[in-house]
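What follows is each chain in one-letter form.
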Amino acid sequence: MNVQKIISEMTLEEKAQLCSGSNFWFTQNIDRLGVPAVMMTDGPCGLRKQTMNADHLGMNESVKAISYPTGSCVACSFDRELIRRSGEALGEECQAEDVAVLLGPAVNIKRSPLCGRNFEYFSEDPFLAGEMAAAYIQGVQSKSIGTSLKHFAGNSQELRRMTSDSVIDERTLREIYLPAFETAVKEAKPWTVMCSYNKLNGEFASESHRLLTEILRDEWGFEGAVVSDWGAVNERPAGVAAGLDLEMPGPGELSTKKILKAVESGALSEEAVTLAAQRVLELIYKYLGNRTEGVTFDYEGHHEMARRMAAESMVLLKNQDSVLPISKEKTVAFIGQFAQRPRFQGGGSSHVNSYKVTGAVEAAKGLNITYAPGFSEDGITADETLAVEAEQAAKSADCAVVFIGLPEAWESEGFDRSHLRLPECQEKLVERVAAVQPNTVVVVHCGGAIEMPWLESAKAVLYAYLGGEAVGGATVDVLFGDVNPSGKLAETFPVQLEDNPSYLYYFGEGDRVEYREGVFVGYRYYDKKKQRVLFPFGHGLSYTRFEYSGLTLDRTEMQDTDSLQVSVKVKNIGNVAGKEIVQLYVGDDESTVKRPLRELKGFEKVELAPGEEKAVTFSLGKRAFAYYNTQISDWHVESGEFTIYVGPSSRDLPCCAKVRVESTQPIRKMFSLNSTIGDLMADPRGQQIMGQMMQGAGMGDLSKAGGDIMGAEAMLAMVKDMPLRNIISMGSLFSGQSIDPESIQALIDGMNA
Ligand code: BGC
């Protein structure tokens, strides 16, 4: 289709109309020119195609579709290939349902475990989130269906999400809140990006030229269309000027009028409207040009895929005395409502009308299972009769599995949690069951981290997250050893909410939300503070054991423009086959800026038969060593020594090696009268000049001057922090000879030349 030709035939009004949808889910059709409307729909972990009453809060019916594990769950698989394949399955479903754009993936960073939408988001780590998002997009788009990378950007809480202002300093934005978007845009080229509701540093994301044009398009090379989150438009003409192409939902009659008026008054250029309309047209025809009619998909096959994804993603947090896997010969009491009716998806716009939901009780048919609901259906109200019955069931079995989780009413888009506890009746049930049954296993269903005051009582904990409609089958697969668990946490579980770095500032004051913890989000904070956590980022157990050895770097010195090849050997030293997620972190040992101790810069998932050993390799480029330097508005590597850490979790890194990196872009320091003596001495030229000058002024033996009174070391430490202007008076103090201001200025000019 010749988009340019259509554009040339369009009136300004038609172009303006194309800048918003025709209804809740469709783009605008222009019948005069034969431009049809195409559909967008949620996303991310299943289709929510509404054919009747529409809404963006997941309230009204949608067509039956497969509900896959949510983002927070699948991120724990650390498995790019798995996510790509799930994207393909979703893409097929979109083709079958004639949906042009699937509204996902959601890649916002988990700043606090309280965020109501954490279940949709991948991680607290931008590298992991970016890799997962890119794989998802590649999968969906391989089926000629568009994706919408969301919510761009700085949208890490639900409270006042449509008016709040995320105040994020530039370095933190670049290092933590933008890179997942950047990776996904550069590696996977999403057809659309969805701007978020919130303001970023005082400006609505939907009106931010910097975000939507300068960073997204000019820096990262995005070529698709920017779509607003549903209702995120504040002033439409400002949005068009900023680079927001499509306002959703429609019809945007008022917006069209405003656009026309703004063009008429000269406040908005006609070119900007044309460009937005052109991008919407390109989107429409990109879909239609590759549309495959009559696609059907295998619901059962996709349900099975959802089961495999959940089994590959759930995380075995604890497994004392190898209580898991449970032998199929044993009698097992399944306890807790969620064993029958699992919590498997979150509330809000991602809510899917599931094809069929399998609970663990149903999936365990044929095994020696008894079932006791344990607590009332809402998951919140205690019921003594049910609790007593659960104790009885636990006592008379060989082992007990207690299924607990956050009630639906406590976790959803649209609001945040206020604490990290589960309902008291569920926490107490774990304790009561464990008191009568030493082999008590706990399965947890929820979208994010929780506190676990009952942890000591449980022999094993399997974190199933919100594992999609087939989670029951996946849980049984793992509990009884048909699948060896291999998921690892994509977020840190703090001991208590108050330990979280954003705790004092999260939610902000009114609309102003300052991200004061800066780059120290998640493990970046806990590690630097040497803080005890409940479970660290990257943690997850297996039914086998892995041994790491032979970490080698292909060089010990490099320039920041080189790439470093890292290789490590991983061996399965247990008796069963298993998968290991090998994690690589980089730390800057000599950094002069405040940086995390180490950051995730690589991961690979490998499958190993018992006794098998494989070499895993990584390639690290400049970004693996860099921090964002606001002085040069670019990524910068400081010269110095770095440590490469490899291992099974962020807190278990048995292999380390050092590499010296030389910067090809040293940053020039400018000096003034208020630079300190220490600043000057840090520069070899400065050291030399300083030495000569001191001698000249009879201050050569500066250290001795204070030697008797305060000791040489202290004297030097103090002098180091004096500004250069103080040398003028210091000279006369120590030697009676003053240093004239002109020679100090000459020194500064010389250094700056
Ligand atoms: C959500 C988006 C979603 C949209 C459409 C909004 O409320 O923030 O993630 O895609 O609704 O349902």
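Residues numbered from 1 in each chain as written. Predicted model: local features only at pLDDT ≥ 70, side-chain atom pairs only at ≥ 80, totals over all residues. Heavy atoms only, no water.

It is worth spelling out the sheet that holds strand S25 (residues 613-620) at this point. Paired through backbone hydrogen bonds, the strands of a sheet run either parallel or antiparallel to each other. In spatial order, the strands read S20-S22-S25; together these 3 strands make up an open sheet with antiparallel pairing. Looking at strand neighbours, the two that pair on one side only are strand S20 (546-553) and S25, the edges of this open sheet. If you compare each strand with its neighbour and ignore which way they point, the axes differ by 20° on average. (Pairing = 2+ DSSP bridges. Helix = DSSP H or I, 4+ residues; strand = E, 2+ residues; numbered from the N terminus. Axes fitted to C-alpha atoms, helices over the stretch in contact; angles between N-to-C directions.)

The next subject is the site of the ligand. Neighbouring the ligand are 15 residues, the closest being Asp42, Arg117, Lys150, His151 and Asp229. Contact between the ligand and Arg161: an oxygen atom at 3.4 Å from a side-chain N or O atom of the residue. Between an oxygen atom of the ligand and a side-chain N or O atom of Tyr197, the distance comes to 3.0 Å. Taking 310 Å² as the accessible area of the ligand by itself, protein coverage stands at 100%. (Near = heavy atom within 4 Å. Polar contact = N/O pair within 3.5 Å; in protein donor to acceptor, adjacent residues only side chain to side chain. Areas by Shrake-Rupley, 256 points an atom, 1.4 Å probe, with all protein chains shown as cover.)

Residues Phe334 and Met452 are the most contacted members of the largest nonpolar core, which totals 173 residues. If you tally residues by element for this core, the top one is helix H5 (residues 126-141), at 9 residues. Listed in part, the 30 residues of the second largest apolar core include Leu551, Met558, Val616 and Ala657. (Core = buried A, V, L, I, M, F, W, Y, C linked by side-chain atoms within 4.5 Å. Buried < 20%, exposed > 50% of the residue type's maximum accessible area, 1.4 Å probe, protein only.)

Take the environment of Asp527 next. Counting through the fold element by element, Asp527 comes out in helix H17 (residues 523-528). When its relative accessible area of 6% is taken as the criterion, Asp527 is described as buried. C-alpha separation for the pair Asp527 and Val430, spaced 97 residues apart in sequence, amounts to 30 Å. Not counting chain neighbours up to four residues away, the residues in contact with Asp527 comprise Leu597, Arg598, Ser650 and Arg651. (Contact = heavy atoms within 4.5 Å.)

For the rest of this paragraph, the subject is unusual backbone geometry. Of note, the bond from Asp42 into Gly43 is cis; its omega dihedral lies within 30 degrees of zero at 0°. Residue position: Gly43 is located in the loop between strand S1 (40-42) and strand S2 (64-65). Between Met248 and Pro249 the backbone carries a cis peptide bond, its omega angle lying at -10°. Relative to the helices and strands, Pro249 resides in the loop between helix H9 (236-242) and helix H10 (253-265). The phi dihedral of Ser322 falls on the positive side, at around 45°, and the residue is not glycine. Along the chain, Ser322 turns up in the loop between strand S10 (315-319) and strand S11 (332-335). We note that Lys530 has phi near 50°; this positive angle belongs to a residue other than glycine. Tracing the backbone shows Lys530 in the loop between H17 and strand S19 (533-535).

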